[in-house]
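Architecture at a glance
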Amino acid sequence: MTTLVLCVDRSNDVGAKSGASMPVAGWEAVRSLVTDVGLADPEDASVNCLLEALRVARDLTDSGDDATVAVVSGGGESRVGADRAIAQQIDDLIERYDPESAIVVVDSAEDERVVPIVESRVGVDGVDRVVVRQARDIESTYYLLKQFLGDEEMRQTVLVPLGVALLVLPALAIQFSTQVAMAGLASLLGAVLLYKGLAIDDRLENTPEQVREALYSGQVSVVTYAVAVGLALVGAFLGGLSATDAASEPALIRVAFFAYDAVPWLALAALTASAGRLVDERIRDERLTSPVLNLPFGVVAVGLVVRGFTGYFLERQAGVDHLRLALSGTEITFQPGQRLLGFIVAGVVVSLIGVRVAARVTEDVEEADGIEADAEPEQS
């Protein structure tokens, strides 16, 4: 009775690490393949799967059966391609050895999905699932922990936040209550998860170098950014004072007070920062792009709209029905809704002006580039 002992590697780990052409059949060929895969990656479970296939073939031979051990491995970029490659290899083995039955040896659930492909070509007497015993023992846990501690990036990502949390938790529990301590711990861990999940560390990795280059190159934006930070702090301070004075009011009204006093300063800070970037772009590239030109107008437009809405909320909360404005001896009365509409219209107008200015400047730059491009061939 001819039996084919078939070791299945659907993920093509064996073929990729050994470089052998699949399928591999025969006792000596498979034993040599075990050595190649083991030397390439001693921790690969495929080594145990290959050894199990050799053991099964040896036991069948000792019992008087004619057993042939073989290895098939998936290929291709998709699972369908891998299964087709395995099916073709099995057909080659069946044509070469004409087995009456097969025993499939696998080491994972993914490899076991290939069993129906084998059954459609030859009768399968059994499926041998290889489980590495060390994976259940404490010895494996020790080596996994040792690998984890040897990885510097993993230590910084997991152990440092965990150590800080364990240091902060007792201090918070002593100073405050247990609930406050647990809430602080949860906030710290949440901040760490967001920091890594949003890849903020990758974005900040080159920040010191960029700041150093900006200082050495004399960029105007360095100064304007510093001024913008100061203006933003002033705005936050004044907004905080307004919100504190309205401590007896509902939370929504306190937010409106904060935004009403802080938004002009925040808009001025953003305008200052964008102006510095505008000057740097002009000096470096000798031309201005549309997004850079749109930024100052967009900042002013958003500031006007936010200021208008927060002023409307505060007027309605205070019970103000109208506002009076004296111009050249003429008194003009504005309703809160009219005032809000004026701010909205002003914001839209400023935004449209920005779009028009950016489009006009971009067209002029393109025309100048076209003229220069036409002039160069004439000179040559």
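Predicted model, so just to flag it, every value in this text is computed and none were measured. (Residues numbered from 1 in each chain as written. Predicted model: local features only at pLDDT ≥ 70, side-chain atom pairs only at ≥ 80, totals over all residues. Heavy atoms only, no water.)

**Some thoughts on the nonpolar core**
Grouped burial of nonpolar side chains is what soluble globular proteins tend to show. Heads up, the condition is: Think of a nonpolar core as a cluster: buried Ala, Val, Leu, Ile, Met, Phe, Trp, Tyr and Cys residues, connected wherever their side-chain atoms sit within 4.5 Å. Residue exposure (1.4 Å probe, protein chains only): buried if accessible area is under 20% of the type maximum, exposed if over 50%, otherwise partly exposed. What counts as a helix is a DSSP run of H or I of at least four residues, what counts as a strand is a run of E of at least two, and both are numbered from the N terminus. Residues are treated as being in contact if the distance between any of their heavy atoms lies within 4.5 Å.
Formed by 23 residues in total, the largest nonpolar core has its most connected members in Val5, Leu33, Leu50 and Val71. Mapped onto this core, the elements with two or more residues apiece are strand S1 (2–9), helix H2 (27–40), helix H3 (46–62), strand S3 (66–73) and strand S4 (101–106). The element contributing the most residues to this core is H3, with 8 residues. In this structure, valine 71 is in contact with Cys7, Met22, Pro23, Val24, Val30, Leu33 and Leu50, ignoring residues within four places of it in sequence. Among the nonpolar cores identified, the runner-up in size contains 19 residues, and Ala70, Ile90, Val104 and Val106 belong to it.

**Remarks on the UniProt feature "transmembrane region" (unreviewed entry) in the protein**
Where we set the bar: UniProt positions are given in the numbering used here, feature names are shortened, and annotations may be inferred rather than shown by experiment.
Mapped onto the present numbering, the UniProt feature "transmembrane region" (unreviewed entry) falls at residues 157–174, 180–199, 220–239, 251–271, 292–314 and 340–359. With 100% helix and 0% strand, the stretch residues 251–271 has end C-alpha atoms that lie 29 Å from each other. Each end of residues 340–359 is marked by a C-alpha atom, and these two atoms are 29 Å apart; helix forms 100% of the span and strand 0%.

**Re unusual backbone geometry**
For the bond running from methionine 22 to proline 23, omega is 5 degrees, close enough to zero to count as cis. Mapped onto the elements of the fold, proline 23 is located in the loop between helix H1 (13–18) and strand S2 (24–25). Phi is positive for aspartate 98, which is not a glycine, with a value near 50 degrees. Along the chain, aspartate 98 falls in the loop between helix H4 (79–97) and S4.

**Some thoughts on the environment of glutamate 119**
Locating glutamate 119 in the fold gives a position in helix H6 (residues 115–119). Relative accessible area serves as the criterion here: at 48%, glutamate 119 is assigned to the partly exposed category. When the C-alpha positions of glutamate 119 and alanine 102 are compared, they lie 8.6 Å apart, and in sequence the two are 17 residues distant.

**Quick notes on helix H9 (residues 178–197)**
How we decide: Here a helix's expected span is defined as the number of its residues, less one, multiplied by 1.5 Å.
With 20 residues, H9 should reach 28 Å at 1.5 Å per residue; the first-to-last C-alpha distance of 28 Å fits that figure. Alanine 199, located one to two residues past H9, shows a positive phi value of around 55 degrees.

**Details of the side chain of aspartate 111**
The cut-off we apply is this: A positive count includes Lys and Arg, and a negative count includes Asp and Glu. His and the chain ends are not counted in either. One side-chain nitrogen of Lys or Arg within 4 Å of one carboxyl oxygen of Asp or Glu is enough to make a salt bridge. What qualifies as a polar contact is a pair of N or O atoms within 3.5 Å, subject to a donor-acceptor requirement within protein and to the restriction that residues adjacent in sequence count only when both atoms come from side chains.
Relative to the elements of secondary structure, aspartate 111 occurs in helix H5 (residues 109–112). Notably, aspartate 111 is buried but unbridged: the nearest opposite-charge side chain belongs to arginine 10, and the N-O separation is 6.4 Å. Of note is the side chain of aspartate 111, whose polar atom sits 3.0 Å from the backbone nitrogen of arginine 10. Not counting residues up to four positions away in its chain, the partners in contact with aspartate 111 are Val8, Asp9, Arg10, Ser11 and Val106.

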